[in-house]
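Structure assessment
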Amino acid sequence: MRILGLILAGGQSKALGSLVSKRASAALPVFGKYRAIDFTLSNMVNAGIRKVGVLTQYNPRSLMDHLGSGKEWDLDRKNGGLFLLQPYVSQEGYYWYKGTADAIFQNMTLLRRGEEDYVLIGSGDHIYKIDFSQVFEFHISNGADITLLVKEMDETYDLSQYGIVEMSGNRIIDIEEKPEKPKTNVAFLGIYFMNKYFLMELLYNYVTKGETDLLTIIQSQLDRLKVCGYLFNGYWRNVKKGINEYFRINMDGLKKEVRGELFYRYGKIYTKLKDLPPPKIGGTAIVRNSILSDGCIVNGNVENSILFRGVNVKAGAVVENSVVMQDTVIEEGAVVRNAVLDKEVLIRQESRLVGKDTIAVLEKRAVL
Amino acid sequence: MRNVLALILAGGHGKRLGVLTEKIAKPAVPFGGKYRLIDFTLSNCVNSGIYQVGVLTQYRPHILNNHINIGRPWDLDRKKGGITILSPYLGGVSDWYKGTANAVYQNIEYVDSFNPDFVLILSGDHVYAMDYNDLIDFHILKGADGTIACMEVPIEEANRFGIMITNIEHRIIDFEEKPAQPRSNLASLGIYVFNWKFLKEYLLKDESDQSSTHDFGHDVIPRMIQDNRQIYAYKFNGYWRDVGTIKSYWESNLELTRPIPPLNLYDRHWRFYTQTEEMPPAYCAPSSKIINSIISEGCEIYGTVENSVIFQEVYIGEDTAVKNSVVMTGTCIERDCLISDAVIAERVTLQDRVTIGRGEAAPSRLDKEIYTDHITVVGMYSTIPAGTVIGKNCVVGIGVRESDFDSSFIESGGYVLHRE
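Cut-off values and rules
- Residue positions are given per chain, counted from 1 along the sequence in the order it is written.
- Just so you know, chain letters begin at A and ligand numbers begin at 1, following the order they were written in.
- With the structure being a predicted model, the display of local features is reserved for residues of pLDDT at least 70 and the display and counting of side-chain atom pairs for 80 or more, all residues being used for whole-chain, interface and lining totals.
- Side-chain measures here rest on the full set of heavy atoms in the structure, leaving out hydrogens and waters.
- In this description, contact between two residues means that some pair of their heavy atoms is separated by no more than 4.5 Å.
- Summed over both partners, the accessible area lost on bringing two parts together, with a 1.4 Å probe, is the buried area.
- A side-chain nitrogen of Lys or Arg and a carboxyl oxygen of Asp or Glu constitute a salt bridge if their distance falls within 4 Å.
- Secondary structure elements follow DSSP: runs of H or I no shorter than four residues count as helices, runs of E no shorter than two count as strands, and numbering proceeds from the N terminus.
- Amino acids outside the nonpolar list (Ala, Val, Leu, Ile, Met, Phe, Trp, Tyr, Cys, Pro) and the charged list (Asp, Glu, Lys, Arg) are all regarded as polar, and Gly is one of them.
- Pairing between strands requires that DSSP locate at least two bridges from one strand to the other.
- The cut-offs for exposure are 20% and 50% of the maximum accessible area for each residue type, with area from a 1.4 Å probe on protein chains only; residues under the lower value are buried, those over the upper are exposed, and the others partly exposed.
- Only protein atoms enter the 1 Å grid used here. Points where a 1.4 Å probe fits but cannot escape make up a cavity, open sets with protein on both sides within 12 Å along at least five of seven lines make up a pocket, and a residue lines them when an atom lies within 4 Å of a point.
- Grid points are joined across faces, edges and corners, and a volume is the space filled by probe spheres set on the points.
- The criterion is simple. A nonpolar core is a set of buried Ala, Val, Leu, Ile, Met, Phe, Trp, Tyr and Cys residues joined through side-chain atoms within 4.5 Å.
- Orientation is described by axes fitted as lines to C-alpha atoms, over the contacting stretch for helices, and by angles from 0 to 180 degrees between their N-to-C directions.
- The crossover handedness rule: strands pointing away from the viewer, path from first strand over the helix to second strand clockwise, crossover right-handed.
- Here is the rule: rings of Phe, Tyr and Trp (six-membered ring for Trp) pair when centre to centre is within 6.5 Å. Planes less than 30 degrees apart are stacked, more than 60 are edge-to-face, and the remainder are tilted.

By a widely used convention, the size of an interface equals the accessible area lost when the partners come together. If you look at the interface, chain A gives 41 residues, while chain B gives 41 residues. Carbon and sulfur atoms supply 46% of the area buried between chain A and chain B, which totals about 3300 Å² over both sides. Area buried by chain A at its contact with chain B is led by A:Asp275, A:Pro278 and A:Lys280, which between them contribute 19% of it. The interface formed by chain A and chain B contains nine salt bridges. Residues B:Lys34 and A:Asp294 are paired through a salt bridge, measuring 2.9 Å at the closest nitrogen-oxygen approach. Residue assignment for the side of chain A that touches chain B shows that the elements contributing at least two residues are α9 (256-263), β16 (280-281), β17 (286-288) and β18 (290-292) of chain A. Classifying every residue of the side of chain A that touches chain B by side-chain character gives 19 nonpolar, nine polar and 13 charged. The sheet contact formed by β18(A) and strand β14 (residues 282-284) of chain B spans three bridges and is antiparallel. Bridge pairing in β14(B) links A:Leu292 to B:Ala282.

Now the structure itself:
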């Protein structure tokens, strides 16, 4: 079975504030060394997908830099490999991607050229680990036209932020996008699996008539097509839902069962290498319930925190309940609590950054 | 642009590392949390802009070959040049490598194919950071035929090294291999640069000499000096270690945990590259207590770690304390263990309540030449059953199983090996 992977990574998110002022949400750093897109990309590669297109639009530079030639995911290939699909100018004019369907439609060549039979569409913003081969089997054994991944959401998710589906058996009979009063607690996870030629047909039919969103197209076809819902029970989160959600996702990395699920089953999560030495913990350090990445040097107190690569916490500094991104330095005697510090932030000696009711956020290269 | 080719001698056994090199070549021995010894030399090469590298292997090369592969982590996967593994081969005059000089001699054709101006002869089992350009610049400036990198060592240790006696212009006028009465404290680091034509001439001479042991330090360089050729000593002032013994291996690892380590792994302008498994970052639990240590990716630490180097994917359970030890990749130390002054190799399991390092050191009953100090060594893939107490200077071999332990107490100097 040959499958083409498509990752939607172009969306903008106002909820993330300064964290996305210089990067796409798919390039958001998570769990100390990864970026959000690593999860979907690794899931695809682990399922044997050898050709992946990444559709970018909003602030793509850091995402491009991260993906490079696709080498870390074994996608630097002669056949297939990684395709970065940005909006472009052509003789017919230039168009930004107007929606998910439109974005894929504008890259129809990739769909037309390959020998793949199926297409798996995911998003660069999702943090989850899945064995996609089970989805493929489900799709075929149910004789589905389209399979959508869905999940029963608990109270930690804000259902009004998701597409809520109503199911009858495996079949999806209704989808309501971001409803005020959700009918069920089953939400669509933004992951589609279908026959490639069938997708092409849908796109030619509807995008040319002005419909730009893939889910809207599918919604209008629910009574005509067999759209099935694959119920995913694992950990699944979307980094794009806001600073609090982003913070919560990182903190989830401190839970053993979350780490076990994300990193130690159904293959590995791959990411760009940085060639830094292992973290070093000095004689004056206290480190509790925290994640430390390569290149860190810790001499202060670190508790309930995620330290990314190359973070330096100097003697007497206190870091609690915080997410500290790459190469940030927290100098002697400084205090950081309930905060997200972007990359290369400098917290000067004895300064304090304490998030009270909300998470304090410092943008990239900020100096406090 | 000068044309430099580096040859890394990586065929040695490293016998004095005991069980650590029983199954792997010394250059492949893990070091510093995520590296293997050869990474330092390979990284020095590419950081010095040398992208033509031959690695001469012979002793148990599988892990080493697998590690180097096509040289990707070092950017040595290139269309032109790049890395070549030079194993002994059949055909014509070839044979097993009989010595360091003979190993290069057997690869003359390989070197000739690059037609280099200079050939660097390096060793795959030293830990150091050196810009070879400084050495080559010195070599050119002196108009030398060959230049040997040297370091001043304490005079009382000079009898362990090849010692250079130089004149005021740094020209080597005499050479003594491990002298009882050293006349100088300038020790050879086993890092040489030669003009290729000159070296080739001496390799051919050495090969036709029936009495030669075909070793650079032993035969070829003394002959060059005897012949009054232009051989110079380049004085290196940085950090350099030959981790040839278990004691020096243990010490050099633990040196990295000091507040200001002599070898700076964190220098962004001189990075050390390696091939590693993709692992999530290290997790330190609420119950963990870690000081003066290196904790690598994939670790899960619930216990206490002090003055230790912990490699990737190591699990240290609750109420366990690990002190002054080196614990390699994938090892699992369960609850209530007390480990001190140990080197534990890859993928070892220590069940609950194991103690290592109890009591006073005693001479080894396995091998007095190799296990000379107080450090207990555990070989890879071994399992130590729950409740076992092990003394100092003990050896647990490779692949030892629970059934190999006759008693739950191994006194200092004792050993347990796997019974076939």
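With a phi angle near 45°, A:Asn321 is a residue other than glycine that sits in the positive phi range. The residue A:Asn321 is located in the loop between β23 (318-320) and β24 (323-324) in this model. What makes A:Asn321 partly exposed here is its relative accessible area of 28%. Although it is not a glycine, B:Asn228 sits at a positive phi angle of roughly 65°. Counting through the fold element by element, B:Asn228 comes out in the loop between α7 (216-226) and β12 (231-235).

A few words now on the layout of surface pockets. Residue and element names in this part refer to chain B. Approximately 1800 Å³ is the volume attributed to the largest pocket. Around the largest pocket sit 50 residues that line it, and Arg 16, Lys 26, Asp 125, His 126 and Asp 242 are the ones nearest its centre. Every element with two or more residues in the lining of the largest pocket is listed here: α3 (100-105), β6 (118-123), β8 (146-152), β10 (172-177), β11 (186-195), α7, β13 (240-242) and α8 (246-255). Top contributing element to the lining of the largest pocket by residue count: α8, with five residues. Its residues assigned to classes, the lining of the largest pocket comprises 16 nonpolar, 19 polar and 15 charged. By volume, the second largest pocket amounts to about 1300 Å³.

Now for the side chain of B:His214. Secondary-structure assignment places B:His214 in the loop between α6 (196-208) and α7. Residue contacts for B:His214: discarding those within four places in its chain leaves B:Lys98, B:Gly99, B:Thr100, B:Ala101, B:Asn102, B:Asp206, B:Glu207, B:Asp209 and B:Asp219.

Judged by nonpolar contacts, the single largest core of 54 residues is most densely connected at A:Ile330, A:Leu341, B:Ile310 and B:Ile356. When neighbours within four sequence positions are excluded, A:Ile330 is seen to be in contact with A:Asn312, A:Val313, A:Lys314, A:Ala317, A:Val319, A:Val324, A:Val336, A:Leu341 and A:Ile347. One finds B:Ile68, B:Leu120, B:Tyr234 and B:Trp240 within the second-largest nonpolar core, a separate group that totals 44 residues.

Residue and element names in this part refer to chain A. Strand order in the open sheet formed by five strands is β17-β20-β23-β26-β29, and the pairing between neighbours is parallel. Either end of the sheet is taken by a strand with one partner, and the two such strands are β17 and β29 (352-354). Going across the sheet, the axis of each strand differs from the next one's by a mean of 5°, ignoring polarity. Bridge analysis of strand β20 (residues 301-303) against β23 gives three bridges, and the strand direction is parallel. Counted as the bridge partner of Val 302 is Val 319 from β23.

Right, let's get into the pattern of salt bridges. Per the counting criterion, the structure on display carries 45 salt bridges over all chains. Salt-bridge contacts for A:Glu261 lead to A:Arg265; the nearest nitrogen and oxygen are separated by 3.8 Å. Relative accessible area serves as the criterion here: at 34%, A:Arg265 is assigned to the partly exposed category. The partner of B:Asp125 in a salt bridge is B:Lys26, with the nearest N and O atoms 3.5 Å apart. You can see B:Asp125 sitting in the loop between β6 and β7 (126-128) and its partner B:Lys26 sitting in the loop between β1 (4-9) and β2 (30-31), a full 99 residues away along the chain. Classification of B:Lys26 as buried rests on a relative accessible area of 6%. Connected through salt bridges with shared partners, the residues B:Asp145, B:Glu201, B:Lys205, B:Asp227 and B:Arg229 form a single ionic network.

On to the pairing of strand β8 (residues 118-123) of chain A, then. Residue and element names in this part refer to chain A. In terms of burial, β8 is a largely internal element, six of the six residues being buried. Across the two faces of β8 the burial is the same, with Tyr 118, Leu 120 and Gly 122 and Val 119, Ile 121 and Ser 123 all buried. Of the pairings in the sheet, the one linking strand β1 (residues 3-8) to β8 comprises six bridges and is parallel in character. Bridging from a neighbouring strand, Gly 5 pairs with Leu 120 of β8. Bridging between β8 and strand β13 (residues 186-195) involves four bridges; their strand directions are antiparallel. Bridge assignment links Ile 121 to a residue of β13, and that residue is Tyr 192.

Moving on: the pairing of strand β4 (residues 51-55) of chain A. Residues and elements named next belong to chain A. Burial analysis of β4 places five of its five residues in the buried class, which makes it a mostly covered element. Burial of the side chains of β4 extends over both faces: Lys 51, Gly 53 and Leu 55 are buried on one face and Val 52 and Val 54 on the other. With four bridges connecting them, β1 and β4 associate as parallel partners. Residue Leu 8 lies in a different strand from β4, and its bridge partner there is Leu 55. Taken together, the five bridges between β4 and strand β5 (residues 81-85) define a ladder with parallel strand orientation. Looking across to β5, one finds that Gly 53 is bridged to Phe 83. A crossover connection joins β4 to the parallel β5 through helix α2 (residues 61-67); in handedness this β-α-β unit is right-handed.

Strand order across the open sheet formed by eleven strands is β30(A)-β27(A)-β24(A)-β21(A)-β18(A)-β14(B)-β17(B)-β20(B)-β23(B)-β26(B)-β29(B), with mixed pairing between neighbours. The sheet is open, and its two borders are formed by β30 (360-362) of chain A together with β29 (383-384) of chain B, each paired with just one other strand. Where strand β23 (residues 332-333) of chain B meets strand β26 (residues 349-350) of chain B, two bridges bridge the pair, whose relative direction is parallel. Bridged to B:Ile333 within β26(B) is B:Leu350.

Residues and elements named next belong to chain B. Under the definition given, this model contains 29 aromatic pairs over all chains. For the ring pair Tyr 192 and Phe 216, a centre distance of 5.7 Å and an interplane angle of 35° mean the geometry is tilted. A residue pair is termed long-range when its members are at least 10 positions apart, and Tyr 192 in strand β11 and Phe 216 in helix α7 qualify at 24 residues. Phe 216 matches Tyr 192 in its accessibility class, with the two residues each being buried. An angle of 15° between the planes, with centres 6.1 Å apart, marks the rings of Phe 194 and Phe 216 as stacked. With Phe 194 in strand β11 and Phe 216 in helix α7, the pair connects residues that are 22 residues apart, well separated along the chain. Take Phe 194: its relative accessible area is 1%, and that puts it in the buried class.

Treat this as a map of the structure, not an account of what it does.
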